[in-house]
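# Coordinate inspection notes
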Amino acid sequence: MSAATTHLLLIDPQNDFCDIPGAALPVPGANADLQRVADLLAQHGARFDAIHVTLDSHNPVDIAHPRWWRNAAGESPAPFTLISVDDVSAGKWAARDPARQAQSLAYVNALAAQGHYQLIIWPEHCLLGSWGHNVHAGLHAALNHWAREHMRLVHYQLKGMNEATEHYSAIKAEVPDINDPRTLPDAAWIHTLAQADTIVIAGEALSHCVAGTVRDLADQLGPDNVHKLVLLTDCTSPVSGFETQGEDFIRELTARGMRTVTSNQLFG
């Protein structure tokens, strides 16, 4: 019988989500969360057989960024504005590029049909090539040390590069595009994750990208394998104002079989 394997899945541990100077979308507690992951790797790195890091990856022009939209005065919506089907149908908000108006209306309609949530506008964040896209410095050093020490590659999984859909989950976009594989589940990656006996999860933000990724991963693994998922509750935090969504996610997934521990409890 082969030895049990443990994978570490770090969701969007990037500067723009850290509560540090210069961050575009700081999550309260994120800097300390990610430093605890770095400390865990320093103490117990040998216990992880593989490490996966998802990276939120955007361009300035994005359907969930202000510049995509305009009102009648030509003004962009402020960050954290909600945009509904009625808002777009009535012309309260329109695509700044008229050629994308029909696509934009179809998108908010698709969100409404899912019954999940309305489109929310975020500050420009995790722009490709920017400081904000980079991994938290202390954690990045710990990841590179792990790679050198164990002669293994850290797997980086980018998400969010299709500008016409939100992409909270690293598994699939909110409204997948069948013509863009980047918005669809990566079968090879999911197969790799499925081979692990335990998948330890940390990262930002609990209320959004962690919740979306873990929900979708649980669906991909199937009900008999949700027990493989272990959330480090002291290594993830919700976006301010979305604490209830984070609590609801933990309640939902633990009911499905996910386990929760703190980083200092993980290995006893």
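Worth saying up front: this structure is predicted, and the values here are computed from it rather than measured.

### A closer look at the environment of Thr192
Tracing the sequence through the fold places Thr192 in helix H5 (residues 187–194). It is 17 Å that separates the C-alpha atoms of Thr192 and Arg182, two residues lying ten residues apart in sequence. Discounting chain neighbours no more than four positions away, the residues touching Thr192 are His7 and His52.

### Some words on helix H1 (residues 30–44)
If you check H1, its first and last C-alpha atoms are 21 Å apart, about what 15 residues at 1.5 Å a residue would give, namely 21 Å. Of the residues making up H1, those classed as buried are Ala30, Asp33, Leu34, Val37, Ala38, Leu40 and Leu41. An end-on view of H1 places all buried positions within 155 degrees of arc, on one side of the element. Within H1, the exposed residues directed more than 90 degrees away from the buried face are Ala42 and Gln43.

### Digging into empty space enclosed by the protein
Counted according to the given criterion, the structure contains one cavity of 30 Å³ or more. Space inside the largest cavity adds up to approximately 180 Å³. Considering the residues around the largest cavity, the lining is formed by 18 residues, among which Asp56, Trp122, His125, Tyr168 and Cys209 are closest to the centre. Here the lining of the largest cavity is composed, by residue class, of nine nonpolar, four polar and five charged.

### Re the pairing of strand S2 (residues 50–56)
Counting buried positions over the seven residues of S2 gives seven, a clear majority of the element. Burial of S2 is two-sided: the residues Ala50, His52, Thr54 and Asp56 facing one way and the residues Ile51, Val53 and Leu55 facing the other way are all buried. Looking at chain direction, strand S1 (residues 6–11) and S2 are connected through five bridges and run parallel. Its bridge partner being in S2, Leu10 is matched across the sheet by Val53. A crossover links S1 with its parallel partner S2, the connecting element being H1, and its sense is right-handed.

### Let's talk about the sheet that holds S1
Spatially, the six strands line up as an open sheet ordered S7-S2-S1-S8-S9-S10, and their pairing is parallel. The strands lining the two open edges of the sheet, one partner per strand, are strand S7 (155–159) and strand S10 (259–261). In this sheet, adjacent strand axes meet at a mean angle of 25 degrees when their direction is disregarded. Sheet topology places S2 next to S7; five bridges connect them, and they run parallel. Bridge pairing links Thr54 to Gln157 in S7.

Parameters and conventions
One numbering rule holds for all chains: residues counted from 1, following each sequence as written. Local features in this predicted model are restricted to residues of pLDDT 70 or higher, and side-chain atom pairs are both shown and tallied only at a pLDDT of 80 or more, whereas totals for entire chains, interfaces and linings draw on every residue. With hydrogens and water excluded, all non-hydrogen atoms of the structure serve as input to the side-chain values. Under the scheme used here, helices are H or I runs from DSSP no shorter than 4 residues and strands are E runs no shorter than 2 residues, and both carry numbers assigned from the N terminus. Note on definitions: a residue-residue contact is assigned when non-hydrogen atoms from the two residues lie within 4.5 Å. For a helix, the expected span equals 1.5 Å multiplied by the residue count minus one. Burial classes: relative accessible area under 20% of the type maximum marks a residue as buried, over 50% as exposed, and values in between as partly exposed (1.4 Å probe, protein chains only). As used here, the arc is the angular range of directions from the helix axis to the C-beta atoms. Throughout, the protein atoms alone are placed on a 1 Å grid, and a set of points is a cavity if a 1.4 Å probe fits but cannot get out or a pocket if it is open with protein on both sides within 12 Å along at least five of seven lines; lining residues have an atom within 4 Å of a point. Grid points are joined across faces, edges and corners, and a volume is the space filled by probe spheres set on the points. Amino acid classes used here: Ala, Val, Leu, Ile, Met, Phe, Trp, Tyr, Cys and Pro are nonpolar; Asp, Glu, Lys and Arg are charged; the rest, including Gly, are polar. The pairing criterion is simple: DSSP has to find at least two bridges between the two strands. A clockwise course of the path from the first strand over the helix to the second, judged with the strands pointing away from the viewer, identifies a crossover as right-handed. Orientation is described by lines fitted to C-alpha atoms, with helices fitted over the stretch in contact, and by angles between N-to-C directions that extend from 0 to 180 degrees.

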